[in-house]
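# Secondary and tertiary structure notes
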Amino acid sequence: KLWLHEAQRVFYDRLINVQDQEWFEKLACDLMTRHLGQMPQTPEQVFGENSVLFCDFLKAGVDVANRKYELGNIEKITHL
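Just so it is clear, the model here is predicted, and its values are computed rather than measured. (Residues numbered from 1 in each chain as written. Predicted model: local features only at pLDDT ≥ 70, side-chain atom pairs only at ≥ 80, totals over all residues. Heavy atoms only, no water.)

Once that is clear, we can look at the packing of helix α1 (residues 2-10) against helix α2 (residues 18-35). Their axes nearest at 12 Å, the elements α1 and α2 cross at an angle of 155°. The angle between the axes of α1 and α2 places the two elements in the roughly antiparallel class. Crossing of α1 against α2: the hand is right-handed. Contacts between α1 and α2 involve Trp3, Leu4, Ala7 and Gln8 from the first element and Phe24, Ala28, Leu31 and Met32 from the second. When grouped by side-chain class, the residues that make up the contact of α1 with α2 number seven nonpolar, one polar and no charged. (Axes fitted to C-alpha atoms, helices over the stretch in contact; angles between N-to-C directions. Helix = DSSP H or I, 4+ residues; strand = E, 2+ residues; numbered from the N terminus. Parallel < 35°, antiparallel > 145°, perpendicular 65-115°, else oblique. Left-handed = near helix turned anticlockwise from the far one by under 90°. Contact = heavy atoms within 4.5 Å. Nonpolar A, V, L, I, M, F, W, Y, C, P; charged D, E, K, R; others polar.)

Before going further, it helps to spend a moment on the packing of aromatic side chains. Enumeration according to the criterion identifies one aromatic pair in this entry. A centroid spacing of 5.6 Å and a plane angle of 50° characterise the contact between Tyr12 and Phe24, whose relative ring orientation is tilted. Residue Tyr12 is located in the loop between α1 and α2, and its partner Phe24 is located in helix α2; the two are separated by twelve residues in the primary sequence. Judged by its relative accessible area of 18%, Tyr12 is buried. (Phe/Tyr/Trp six-rings, centres within 6.5 Å; stacked < 30°, edge-to-face > 60°. Buried < 20%, exposed > 50% of the residue type's maximum accessible area, 1.4 Å probe, protein only.)

On to α2, then. Taking 1.5 Å of rise per residue, the 18 residues of α2 would be expected to cover 26 Å, and the 25 Å separating its terminal C-alpha atoms lies within 8% of that figure. Listing the buried residues of α2 in full gives Phe24, Glu25, Ala28, Cys29 and Met32. Buried residues of α2, viewed axially, fall in a sector of 130°; they line one side. When the buried face of α2 is taken as reference, the exposed residues oriented beyond 90 degrees from it are Gln19, Trp23, Arg34 and His35. Contact partners of the buried residues in α2: α1 and α3 (43-47). By the N-cap criterion, in which a side-chain oxygen at the helix start approaches the backbone nitrogen of a residue two or three places on, α2 is capped by Asn17, the distance to Gln19 being 3.3 Å. (Expected span 1.5 Å × (residues − 1). Arc of directions from axis to C-beta. Polar contact = N/O pair within 3.5 Å; in protein donor to acceptor, adjacent residues only side chain to side chain.)

A word on the nonpolar core. Grouped together as the largest cluster of nonpolar side chains are nine residues: Leu4, Ala7, Tyr12, Phe24, Ala28, Cys29, Met32, Val46 and Phe47. Only α1, α2 and α3 provide two or more residues apiece to this core. (Core = buried A, V, L, I, M, F, W, Y, C linked by side-chain atoms within 4.5 Å.)

For the structure shown, the criterion picks out two salt bridges. Here Lys26 makes a salt bridge to Asp30, at a shortest N to O gap of 3.0 Å. One end of the pair is Lys26 and the other is Asp30, both in helix α2 and four residues apart, which spans about a single turn. Taking the relative accessible area as the measure of exposure, Lys26 reaches 49% and is therefore partly exposed. (Salt bridge = Lys/Arg side-chain N within 4 Å of Asp/Glu carboxyl O.)

Right under this line is the structure:
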């Protein structure tokens, strides 16, 4: 999940049209299946409503030096 998140931040966030974004999503699913031994997953399952998000600001008031990079979900993040 962390690999996918980092690949999204480095590549996907810079893609400017839907065609390129869909290409990336399919490629990422193919690579996860081939190299990480994941069960085959569709782009809708991976990038849909439960998309992978890692962040270090989920716990308000924690000193920057003590923040943990953790898996979050869009519901938690939108309620901050």
